[in-house]
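Here is how the chains run, residue by residue.
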Amino acid sequence: MCSLYSTIQLYIMIFNFTNRSVSLNFSRGGKSSICKVVFHNMQPLDTLYLESTSNPTVEHFSTLIDLAVMELPGQLNYFEPNYDSERLFKSVGALVYVIDSQDEYMSAITNLAMIMEYAYKVNPSINIEVLIHKVDGLSEEFKVDAQRDIMRRTGEELLELGMDGAQVSFYLTSIFDHSIYEAFSRIVQKLIPELSFLENMLDNLTQHSKIEKAFLFDINSKIYVSTDSNPVDVQIYEICAEFVDISIDLHDLYKATANNNKIQDGKALRPRDLKNVSQLENGTILYLRQMIRGLALVAIIRPDGMDMESCLTVTDYNVDNYKKSLEEVWADSKITTSNSFITQS
Ligand SMILES: Nc1nc2c(ncn2[C@@H]2O[C@H](COP(=O)(O)OP(=O)(O)OP(=O)(O)O)[C@@H](O)[C@H]2O)c(=O)[nH]1
């Protein structure tokens, strides 16, 4: 059986080139806020008090994937001899470039094209992901216009550099709604080589239960690392992501600390896995079960006339099997800690 364990390194960056005649400052674009909100559950409004980052930071998160998120502050010039830029670019799977949509963005686009030129030279398989960020401040019409304009200008810049075929993905994001999670979900999924296998397993699960939509969530970040092949409806995603939050809050509130350390027949009892089921007024069931490696399966179940108990019995049985398959796939995988390779100045 193939191993699903992948080493993925993502880094979020905004560059500035101090060696150009005009010094460009692309800091305050929202990089730290994105990292704090997505990976540390910080409330979006609290990012107002974040201080400017002065040194590169790198953090590792190990769930389905070994994800390393590097934040490169805007004030530093990574093409100085101090930084081993070649090694930096070579080692990452995706480069996430943040453009502040509420600011003048022409220089940021020129900068992006130059970075892409360098990135592709040293790492032709790198994914370039552009977040058109802070779109919460723009009207719906303006959002679309800004995206079209940024895509067109990026295309023109790349054409000038002779890179017209280069692949770039654009996402409209804000930390004030789920768009940032949706973008990161898609970015991370692109880096999982076995994604179609994971999708097939979820398709199988949905076909044999009354599940309408299922997500495999990373509990910590609420990024979904996989979903079945039915199209993703943003509202359904939002409901499922909120259900993860509620389940964790309830679990923390009611977990019996005494039980966690309980000894039975001389053996310590393992803390119970997270599970939460809730039926909405229209009969739809929200179902969450903890899986392995910090992941949780969240499903929307439509009973369609079947009583809730039978529906849950079938789902529980199928989810048990799904979990066993995940465990088998991960049985041989080891967690490797990637080396940090940013030279601190
Ligand atoms: N409206 C809005 N503001 C945001 C969003 N994301 C971040 N911000 C704000 O942007 C400001 C700068 O955010 P930072 O995360 O510190 O920016 P940075 O790119 O890390 O800045 P440096 O550390 O200086 O490189 C903060 O006041 C955030 O609250 C967003 O999606 N929408």
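Thresholds applied
Residue positions are given per chain, counting from 1 as you read along its sequence in written order. Only residues with pLDDT of at least 70 get local features here, since the model is predicted, and only at 80 or more are side-chain atom pairs given and counted; chain-wide, interface and lining totals rely on the full set of residues. In DSSP terms, a helix is any run of H or I states spanning at least four residues, a strand is any run of E spanning at least two, and both are numbered starting from the N terminus. Each residue is classed by its C-beta neighbour count within 10 Å, where at least 20 other C-beta atoms makes it buried, 12 or fewer makes it exposed, and intermediate counts make it partly exposed; the C-beta atoms are placed from backbone geometry. C-beta atoms are placed from the backbone for every residue, and two residues are taken to be in contact when these atoms lie within 7 Å. Domain start and end points were adopted from an automatic or database domain assignment. In this classification, the charged set is Asp, Glu, Lys and Arg, the nonpolar set is Ala, Val, Leu, Ile, Met, Phe, Trp, Tyr, Cys and Pro, and all remaining amino acids, among them Gly, are polar. Two strands qualify as a pair provided DSSP detects at least 2 bridges between them. For helices, the axis comes from a line fit to the C-alpha atoms of the stretch in contact; other axes are also lines fit to C-alpha atoms, and the angle between any two N-to-C directions lies between 0 and 180 degrees. Geometric relationships in this document are graded by angle, where less than 35 degrees denotes roughly parallel, more than 145 denotes roughly antiparallel, 65 to 115 denotes roughly perpendicular, and other angles denote oblique. A crossing counts as left-handed when the near helix is turned anticlockwise from the far one by less than a right angle, and as right-handed when that turn is clockwise. Residues of type Ala, Val, Leu, Ile, Met, Phe, Trp, Tyr and Cys that are buried and joined through C-beta atoms within 7 Å form what is called a nonpolar core. Here the term right-handed applies to a crossover when the path leading from its first strand over the helix to its second strand runs clockwise, the strands being oriented away from the viewer.

> Got a minute to help me understand the overall build of the chain in this structure?
Scanning the chain for helices and strands turns up 9 helices and 13 strands. Every one of the 345 residues in the chain was classed for burial, and the buried ones make up 34%. Of the contacts made within the chain by residues no fewer than 6 positions apart, 71% connect residues no fewer than 24 positions apart.

> So what exactly am I meant to see when it comes to the domain arrangement of the chain here?
It is common to give the size of an interface as the accessible area that goes away when the parts come together. When its domains are assigned, the chain resolves into domain 1 (6-190) and domain 2 (195-255 + 270-330). With 12 residues of domain 1 in contact, the opposing surface of domain 2 contributes 16 residues. Every element with two or more residues in the side of domain 1 that touches domain 2 is listed here: helix H1 (31-40) and helix H5 (179-190). When residues of the side of domain 1 that touches domain 2 are assigned to their parent elements, the largest contribution, 6 residues, is made by H5. In terms of residue class, the side of domain 1 that touches domain 2 is built from 7 nonpolar, 4 polar and 1 charged.

> Even after reading the chapter, I still don't get the sheet that holds strand S11 (residues 275-279), so can you show me in this structure?
Two pairing modes exist for strands in a sheet, parallel and antiparallel, and in both the strands are linked by backbone hydrogen bonds. Strand order across the open sheet formed by 5 strands is S8-S7-S13-S12-S11, with antiparallel pairing between neighbours. The two strands at the open ends of the sheet, each matched to only one other strand, are strand S8 (224-227) and S11. Along the sheet, successive strands turn relative to each other by an average axial angle of 15°, direction set aside. In this sheet, strand S13 (residues 295-301) lies alongside strand S12 (residues 285-290) in antiparallel orientation, the contact comprising 6 bridges. Directly across from Leu286, in S13, lies its bridge partner Ile300.

> Before we go on, may I ask you to explain the environment of Asn200 in this structure?
Tracing the chain through its elements places Asn200 in helix H6 (residues 195-207). Note on Asn200: 14 C-beta atoms within 10 Å, which makes it partly exposed. Taking the C-alpha atoms as reference points, Asn200 and Arg289, separated by 89 residues in sequence, lie 19 Å from one another.

> Any chance you could explain the packing of helix H3 (residues 106-122) against helix H4 (residues 140-160) here in plain terms?
A pair of packed helices can be characterised by two numbers: the angle between their axes and the separation between those axes. At a minimum axis separation of 9 Å, H3 and H4 run at an interaxial angle of 45°. The angle between H3 and H4 places the two elements in the oblique class. Relative to H4, H3 is oriented so that their crossing is right-handed. Contact residues: Ile109, Thr110, Leu112, Ala113 and Met116 in H3; Ile150, Arg153, Thr154, Glu157 and Leu158 in H4. Residues belonging to the contact of H3 with H4 are distributed by class as follows: 6 nonpolar, 2 polar and 2 charged.

> What should I look at first to understand the pairing of S12 in this one?
On a regular strand, one side chain projects to one face of the sheet and the next to the other, so that they alternate. Pairing geometry for S11 and S12, over 5 bridges, is antiparallel. In the strand pairing of S12, Ser278 is matched with Leu286. The loop that links S11 with its antiparallel partner S12 comprises 5 residues; one of these, Gly283, has a positive phi angle of about 95°. Connecting S12 to the next strand, S13, in antiparallel fashion are 4 residues, including Arg293 with a positive phi near 50°.

> Honestly, the nonpolar core in this entry has me stumped. Any pointers?
Generally speaking, a soluble globular protein has its nonpolar side chains buried in company with each other. Counting 65 residues, the largest nonpolar core has Ile99, Leu216, Phe217, Ala296, Leu297 and Val298 as its most contacted members. Structurally, this core is a two-domain feature, drawing no fewer than three residues from each of domain 1 (6-190) and domain 2 (195-255 + 270-330). Ignoring any residue separated from it by four or fewer positions in sequence, one finds Leu297 in contact with Ala214, Leu216, Arg289, Met291, Val319 and Tyr322.

> Honestly, the packing of H1 against H5 in this entry has me stumped. Any pointers?
Look at H1 against H5: their axes get within 11 Å of each other, and the N-to-C directions meet at 80°. In terms of axis orientation, H1 runs roughly perpendicular to H5. For the pair H1 and H5, contact is made by Ile34, Val37 and Val38 and by Ile180, Tyr181 and Phe184, respectively. Counted by class, the contact of H1 with H5 contains 6 nonpolar, no polar and no charged residues.

> Looking at this model, I keep getting lost on unusual backbone geometry. Mind explaining?
Of all residues except glycine, most have a negative phi; of all peptide bonds, most are trans. Phi angles above zero are rare outside glycine, and Asn41 is one such case at about 55°. Position of Asn41 relative to the elements: it lies in the loop between H1 and strand S2 (57-62). A count of 12 C-beta atoms within 10 Å places Asn41 in the exposed class. A positive phi angle is found at Lys222, which is not glycine, with a value near 65°.

> Help me understand the environment of Leu172, please; the structure alone is not making it clear to me.
Within the fold, Leu172 resides in strand S6 (residues 168-172). When the 21 C-beta atoms within 10 Å are taken as the criterion, Leu172 is described as buried. Linking Leu172 and Asp307, residues 135 residues apart in sequence, is a C-alpha distance of 41 Å. Setting aside chain neighbours within four positions, we find Leu172 in contact with Ile132, Val135, Lys143, Gln147 and Ser179.

> Could you clarify how one ought to interpret the pairing of S6 in this entry?
Looking at chain direction, strand S5 (residues 127-133) and S6 are connected through 5 bridges and run parallel. Residue pairing across strands places Ile128 opposite Val168, the latter belonging to S6. In this fold, S5 hands off to H4, which returns the chain to S6; that crossover is right-handed.

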